[in-house]
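Results of the structural survey
So you can see what is in the structure, the chains are spelled out below.
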Amino acid sequence: PQPGVDFYLCKDVPHGTVTQDYYFAPSVGLLKSCLVYTPAGYMKDDTQTYPVLYLQHGHGENETGWTTAGSLQFILDNLIAEGKAVPFAVVMCNGMVQTVTDDGRRIVDFMLLESQLLTDVIPFVEKKFRIGGSRERRAMAGLSMGSLQTSIIGFTHPEYFCALGVFSGFVTDMMQGTEL
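Okay, so let's go over this structure. These figures come from a predicted structure and were not determined experimentally.

**Details of the overall build of the protein chain**
Looking only at helices and strands, the protein chain features four helices and eight strands. Of the regular secondary structure in the protein chain, the N- to C-terminal order runs β-β-β-α-α-β-β-β-α-β-α-β. Here the C-alpha radius of gyration of the protein chain, 17 Å, is about what a compact globule of 180 residues would show, namely 16 Å. Put simply, the protein chain has 180 residues, and 42% of those count as buried. On the protein chain, roughly 9,200 Å² of surface is accessible, and the fraction owed to carbon and sulfur atoms is 56%. A gap of 6 Å separates the mean positions of the 12 positive and 19 negative side-chain charges of the protein chain.

**Digging into the sheet that holds strand E1 (residues 17-25)**
Spatially, E1-E2-E4-E3-E7-E8 is the arrangement adopted by the six strands of the open sheet, whose pairing is mixed. The sheet is open, and its two edges are formed by E1 and strand E8 (163-167), each paired on a single side. On average, each strand axis in the sheet is inclined to that of its neighbour by 20°, with strand direction left out of account. As judged from the five bridges shared by strand E7 (residues 138-143) and E8, these two strands associate in the parallel manner. Opposite Ala141, over in E8, you have Gly165 as the bridge partner. Contacts from helix H2 (residues 72-81) reach E1, strand E2 (30-38), strand E3 (52-56) and strand E4 (89-93) within the one sheet, and its direction differs from that of E2 by about 30°. Sheet strands in contact with helix H4 (residues 145-156) are E3, E7 and E8, and its direction is about 145° off that of E7.

Criteria and thresholds
- Residues numbered from 1 in each chain as written.
- Predicted model: local features only at pLDDT ≥ 70, side-chain atom pairs only at ≥ 80, totals over all residues.
- Heavy atoms only, no water.
- Helix = DSSP H or I, 4+ residues; strand = E, 2+ residues; numbered from the N terminus.
- Rg over C-alpha atoms; globule rule 2.2 N^0.38 Å.
- Buried < 20%, exposed > 50% of the residue type's maximum accessible area, 1.4 Å probe, protein only.
- Areas by Shrake-Rupley, 256 points an atom, 1.4 Å probe, with all protein chains shown as cover.
- Lys, Arg positive; Asp, Glu negative; His and termini not counted.
- Charge placed at Lys NZ, Arg CZ, Asp CG, Glu CD.
- Pairing = 2+ DSSP bridges.
- Axes fitted to C-alpha atoms, helices over the stretch in contact; angles between N-to-C directions.
- Contact = heavy atoms within 4.5 Å.

Okay, here's the thing in structure tokens:
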């Protein structure tokens, strides 16, 4: 590859870790999983707390897309190694939140991410990992449907995030046709 075009490749630089973890989400009554990227050095220095980005995928995808198709871990490893980014963590959870209806059917309701993220995901990962801990050390971003979730959650709860990123997205709920 040409220089500057190989930012997503696995290079000979210090590598972070992607951990898949499981937690019970009382907000939806289900066991859920999330992926957590921690930068190189996280395991060596147990005194440092890292900023965190909560990163949401698009409709029809899940939390694994950012690492399997998006090469997030290699991109961040390379940017951090080149001094183009400060070391930070990334949490990826499934925005296609499922719930069980009263008649036992399992359905997807992407609007449930707000409760799941704020009451289940953030407390779980920020207790288990040395990440975030305050508004100033948290950001949220999303692609497509994830951008809508980011807009809804971020603008409704500015006390949680110091920055928001909206990629290929929209800031009104065109999926359900409702105003925000």
